[in-house]
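Observations on the model geometry
Take a look at the letters that make up each chain.
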Amino acid sequence: MAAKKVSSKPAPVFSVAEVRHIAKLANLTLTPSEETKFSSQFSETLKMINLMRELDTSEVTPTSQVTGLTNITREDVIDHSRLLSVSKVLGQAAKTYQNYIVVPAVFAL
Amino acid sequence: MPKALHQLTLEEALAGLKNRDFTSHDLVSACLDQIKKYDSGIHAFLEVNDQALKEAESPRPGPLSGIPVAVKDNFLTPGLTTTASSNILKGYLPHYESTVTARLKAAGAIVIGKTNMDAWAHGSSTETSDFGATLNPWNTAHLPGGSSGGSAAAVAADMCIFAIGSETAGSIRQPAAWCGVTGFKPTYGRVSRYGVIAMASSTDSPGPLAKTAADAALVLQIIAGLDPYDATSSPRPVPDFFNNLKIKIKNLRIGLPWEYLEVMQPDTRRLVEKAADEFIRMGHQVESISLIHPKYSIGVYTVVQRSEVSSNLARYDGLRFGSPRSGFGEEAKRRIMLGTYTLSSGYYDQYYNQAQKVRTLIVDDFTRAFEKYDLIINPASPGPALKVNATLNEPMFGEMQDILVEPSSIAGLPGFSVPCGFIDGLPVSFGLIGPQFSEALVLSAARNYQQATQWHHAKPRL
């Protein structure tokens, strides 16, 4: 049965600046037209999402998974039959150097 | 008129092979011909296995020996490109195999090709594929549904004997409904997710798209069960689904939630109510029940799924494989960003945590309902297949189409989608869901319905 309804807060409006900020967090580059489009679409989407905030969940514990399984572990041993060769691992990499994958610097010097 | 080989159900094909009425080579050849003849107009396949005929010459012995299966393109298959219909993974050749395809191959099945899908499984139309939409074999002006739209269309067009799909919320059941085939989503954890390109890890469930419920039972038998490579796969023993179908079930208590009927299109609703009447005729009880309105699931599903998507797709950085993140399509970008937002500091409680709490309400609601009822009628789609381009400028298209299956997916329940009629030449399906791990019962109920009706035998004119 549906829980008791509580008053819902209005959905936030998504500004283009916020879209840019999230794109940066998500490591995505957007075109200016995508930025405008997403700002209006996200505002719409959040309105629909906010329906769920009508339900009173003050006494409810969150569910993050539904398997009922806990503490699934395995032996910490290497299964040699499943090891990939270096050539396979590096074979599709964008840029390699002496058996390493070259990545952009995270901290600039 | 006897059926052509490609039209056979899995049960019939296995019997024919055993009887030596035809060979695996004949069967694979018939399906390949069907692909050659009709797939240019349907686009169910992204890649056809050019070794399939050769493999059919000496198929591995096993319960599915020599049977051609079409596999959704998010299952890793060494030797066949695996792209999840995304430009990022265009041309990607995986180095390891999904547990599902490994088990199918070990059982003797022959992967005939990889099927089209919404890119990264983000959608319910197959229209967001970076490689072009799949069209509905019943009417190519319409969509096949999605995200397993290529698999559903391939089964409907008899381009394979059965197909494999995956469902996060609706991605097996909804395209099965729109293409008029039998789709089965197992309990979350019943079938391993290992080697399936992740969409939302807490609900992703691989499963069969088949010609009958009995066929779905045969396939589930092979792919279900504990997998040490997927920590969320269930250690519960796998029952004998196919032999279970022979047990006569009667006097089931079936709930029909009015909140679900309320969001359906009137014509489709009438056909679903007719299917419910059929269950009464078969000696079961069907009663109107009340569940949490499915509209509340939209928010839960959207937030949980977007959050998990943003995390799962963070690994695609174009460094170890694939192309750079600039290659993501619009839908993927939208989903990654919304998920990044709902997980970000300051919004986590408001969105992600609230979604997980409402998830608890939905799970508890089903638990209460299943104390009184064995099964619940739960159609996959509010209406028949929509027209091509229906997804344009509809950022919540998938969530609205899948409103009826989001609650059961969030709760990890098993469910099927079974054809129950037509509207203007397009198939309509109804569905049943049961408690977790009640696959045997759900499949038996579907089988019962298909023994009493003929809808699942209908074929599109290609």
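These figures come from a predicted structure and were not determined experimentally.

Of the regular secondary structure elements, chain A holds 3 helices and 2 strands. Taken from N to C terminus, the helices and strands of chain A fall in the order α-α-α-β-β. Relative to its 109 residues, chain A shows a buried fraction of 16%. Long-range pairs, those at least 24 residues apart, make up 55% of the contacts in chain A between residues at least 6 apart in sequence.

Here glycine 146 of chain B and serine 147 of chain B are connected by a cis peptide whose omega angle stands at 15 degrees. By the element assignment, serine 147 of chain B lies in the loop between strand E3 (110-115) and helix H5 (149-156). Despite not being glycine, asparagine 27 of chain A has its phi angle at roughly 60 degrees, a positive value. Relative to the elements of secondary structure, asparagine 27 of chain A occurs in the loop between helix H1 (16-25) and helix H2 (32-49). Its identity as a non-glycine residue notwithstanding, alanine 84 of chain B has a phi of 50 degrees, on the positive side. Here alanine 84 of chain B shows up in the loop between strand E2 (68-72) and helix H4 (99-106). Owing to 29 C-beta atoms within 10 Å, alanine 84 of chain B belongs among the buried residues under this scheme.

Further remarks concern the environment of serine 234 of chain B. For serine 234 of chain B, the position within the fold is in the loop between helix H7 (213-223) and helix H8 (241-244). Residue classification places serine 234 of chain B among the buried residues on the basis of 23 C-beta atoms within 10 Å. Taking the C-alpha atoms as reference, serine 234 of chain B lies 21 Å from serine 444 of chain B; in sequence the two are 210 residues apart. If sequence neighbours within four positions are ignored, serine 234 of chain B has contacts with Thr67 of chain A together with Gly189, Arg190 and Leu226 of chain B.

Residues and elements named next belong to chain B. Across the sheet, 11 strands lie side by side as E1-E3-E2-E4-E6-E5-E10-E11-E9-E7-E8; this open sheet has mixed pairing. The open sheet is flanked by strand E1 (45-48) and strand E8 (285-289), the only strands paired with a single partner. Neighbouring strand axes in the sheet, compared pairwise and without regard to direction, differ in orientation by 30 degrees on average. Across the sheet, helix H10 (residues 266-281) lies against strand E7 (253-257), E8, strand E9 (375-377), strand E10 (415-423) and strand E11 (426-433), angled at about 115 degrees from E10, the strand it touches most.

The first and last C-alpha atoms of helix H12 (residues 330-343) of chain B sit 20 Å apart over 14 residues, in line with the 20 Å expected at 1.5 Å per residue. Within H12 of chain B, 12 of the 14 residues are buried, which leaves the element mostly enclosed by the surrounding structure. Taken together, the buried positions of H12 of chain B are occupied by Glu331, Ala332, Lys333, Arg334, Arg335, Ile336, Met337, Leu338, Gly339, Thr340, Tyr341 and Thr342 of chain B. Close packing links the buried residues of H12 of chain B with H1 and H2 of chain A together with helix H11 (295-312) and helix H13 (349-372) of chain B.

This brings us to the environment of valine 358 of chain B. Along the chain, the position of valine 358 of chain B falls in helix H13. Measuring from C-alpha to C-alpha, the distance between valine 358 of chain B and serine 297 of chain B comes to 8.1 Å, with 61 residues separating the pair along the chain. Ignoring anything within four residues of it in the chain, the contact list for valine 358 of chain B reads Met52, Leu55 and Thr57 of chain A together with Tyr296 and Val300 of chain B.

A few words on the environment of phenylalanine 42 of chain A. Summarising the element assignment, phenylalanine 42 of chain A is placed in helix H2. When the 24 C-beta atoms within 10 Å are taken as the criterion, phenylalanine 42 of chain A is described as buried. Sequence-distant contacts of phenylalanine 42 of chain A, that is, excluding residues within four places in its chain, are made with Phe14 and Val19 of chain A together with Leu338 of chain B.

Calculation criteria
Residues numbered from 1 in each chain as written. Chains lettered and ligands numbered in written order. Predicted model: local features only at pLDDT ≥ 70, side-chain atom pairs only at ≥ 80, totals over all residues. Helix = DSSP H or I, 4+ residues; strand = E, 2+ residues; numbered from the N terminus. Buried ≥ 20, exposed ≤ 12 C-beta atoms within 10 Å, placed from the backbone. Contact = placed C-beta atoms within 7 Å. Pairing = 2+ DSSP bridges. Axes fitted to C-alpha atoms, helices over the stretch in contact; angles between N-to-C directions. Expected span 1.5 Å × (residues − 1).

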